[in-house]
Every structure is written in C-alpha cells, then in structure tokens.
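These are the residues of each chain, in order.
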Amino acid sequence: MPVLPGAEPYRHEGGEVGVLLCHGFTGSPQSLRPWAEHHAAHGLTVSLPLLPGHGTRWTDMQLTTWQDWYAEVDRELRALTDRCSRVFVAGLSMGGALALRLAARHGGRVAGAVVVNPANKVHGLSAYALPVARHLVRSTKGIASDIAKPGAAELGYDRVPLHAAHSLRRFLRRVDGELPQVTQPLLLLRSAEDHVVPAADSARVLSRVSSRDVTEIVLEHSYHVATLDVDADRIFEESLAFIDRLATGVGKEGTAAVG
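Computed from a predicted structure; not experimentally measured. (Residues numbered from 1 in each chain as written. Predicted model: local features only at pLDDT ≥ 70, side-chain atom pairs only at ≥ 80, totals over all residues. Heavy atoms only, no water.)

Caption draft 1: Quick look at the nonpolar core. Phe25, Trp69 and Phe171 are the most contacted members of the largest nonpolar core, which totals 43 residues. Of all the elements in the fold, those that place two or more residues in this core are strand S2 (17-22), helix H2 (58-61), helix H3 (66-83), strand S4 (86-92), helix H4 (94-106), strand S5 (112-116), helix H6 (162-178) and strand S8 (186-191). Ignoring anything within four residues of it in the chain, the contact list for Trp69 reads Phe25, Leu51, Pro52, His54, Met61, Thr64, Met94, Leu98, Ala164, Ser167 and Leu168. Ranked by size, the runner-up nonpolar core spans 33 residues in total, among them Leu21, Ala36, Leu92 and Ile243. (Core = buried A, V, L, I, M, F, W, Y, C linked by side-chain atoms within 4.5 Å. Buried < 20%, exposed > 50% of the residue type's maximum accessible area, 1.4 Å probe, protein only. Helix = DSSP H or I, 4+ residues; strand = E, 2+ residues; numbered from the N terminus. Contact = heavy atoms within 4.5 Å.)

Structure below.
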C-alpha cells in the first residue's frame, strides 16, 4: 500500500550530533515532523522513520508486532551512530517507550533520551481481554488526534487493530522491566491533561529508570499529541537545550532534508 501523504519518513543530514525521533502507536511521522524540522534547522542530523504497518491502513498494522517496530528504530539508531559522534533518542507515547528501550539496550551509544507522554502500560479491563478478544474482534475505535489546539490534527488510524494492541501490551511490559538499565540523562515532558496515556505512566518511568540527570516538565495546555499542540514550541526548545547541554555543540547547517 502507498504511504499516506504526510506520513512519509523524514531524514536530514546535519552535523555530528544526531537525534532519532520515534512516533507513536497507530500514528505516523507527521506527528513529529515539526519537531524533526526544528532540530534540522539548528544543524542536527535527524532521523524520523515510519514504523512498519503504520502510515497506510490499519489492516496493514494487524500483520506487524512490536519486534517489527523496534527493529526499525534499532536499525536507524545504528545508522546514526555510524554517522554521528553523539546520538540522542526521542519519542512520543509508544515512541517514548521505543526510545527508552534503545537507551536501555545500547548504553553509551545513546547520549540522552527525550520522551513526551511516554506509554508504559495498556490500561483498563479490556487490556486483560486482549489475548482472547483479538481473535474475535479485529479492531476497536482509534486513539489518534488527542489535541487541544483548534484546527490541529494527527495523521493516524481511526481504528486500533487488536492483534497489534496485544503486541503493544507485551512490549510495554518488557520495556518496564528494562527501565532500570536506562542510565542516560532523561528529559520527560508530560501533558497535564492526556486522554490516551495517564500521568501514572510518566510517574512509573521516572520511578524505574536509573538516570541521575532527570528533568520533568509539565505541559499545561496540551493533550496527548503535544508535539502538534499548544506546547509544541516548548517541547522543541527544551529538547534542543537538553541536547545542546549534553553535546559538544549541535553542529552546523547541513544539507537539504530528504522526506
């Protein structure tokens, strides 16, 4: 299936400092594109991949698992570390969980992590029914576009494939067990009001990681997809300042972006 217009992956060749951005469950690179472009404009080398099964139709995602999604960002991280002297990982929602697992598994190859409304658990009684329900019902209503800003919208599926949701639940449980292996500096930004991922998930992440350099910022005016919401500029600026503080410089202007 062709990729939906706007859901294409994004890459930019910049300086010696790189950042890998990971989008969320049933979403697409569109939700992080302004963030990626902001960092590219400040000279960073940027990679924003499209996760397998995303950006086309929800039935395609039904055939993928967390191993497919993680393998994609793992490949992108390895490519960035070959190209750059310092690499940071970042993500929204499930993308935050992907970023945290990269940090846990790659250790010193990751200089720091930035997560926005990171997912840690599939909540509700329905989560416990997923192992059986996924064989009876193919999908449920979507979770995309939880945004407070008028006129803003996320390009994501209007249905959640239950096979993929079951795999997500298994993935988040695995990541939770690996959080103590996260030792890198961590910047966590969470929305005060989020209708997809509760504040308890961010609290759990903060309580489990072994990072000593930790900053938590509450976004007062945004919902779940904060990277497209009222506080988006703050996310971009805070994450760039975080990277700049930890890196030896954010690089120089690179070549044109490839999208």
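Caption draft 2: Quick look at the pairing of S8. Within S8, six of the six residues are buried, which leaves the element mostly enclosed by the surrounding structure. By the bridge criterion, four bridges tie S5 to S8 in an arrangement that is parallel. Each bridged residue has a counterpart across the sheet, and for Val114 the counterpart in S8 is Leu187. The pairing of S8 with strand S9 (residues 214-219) spans six bridges and is parallel. (Pairing = 2+ DSSP bridges.)

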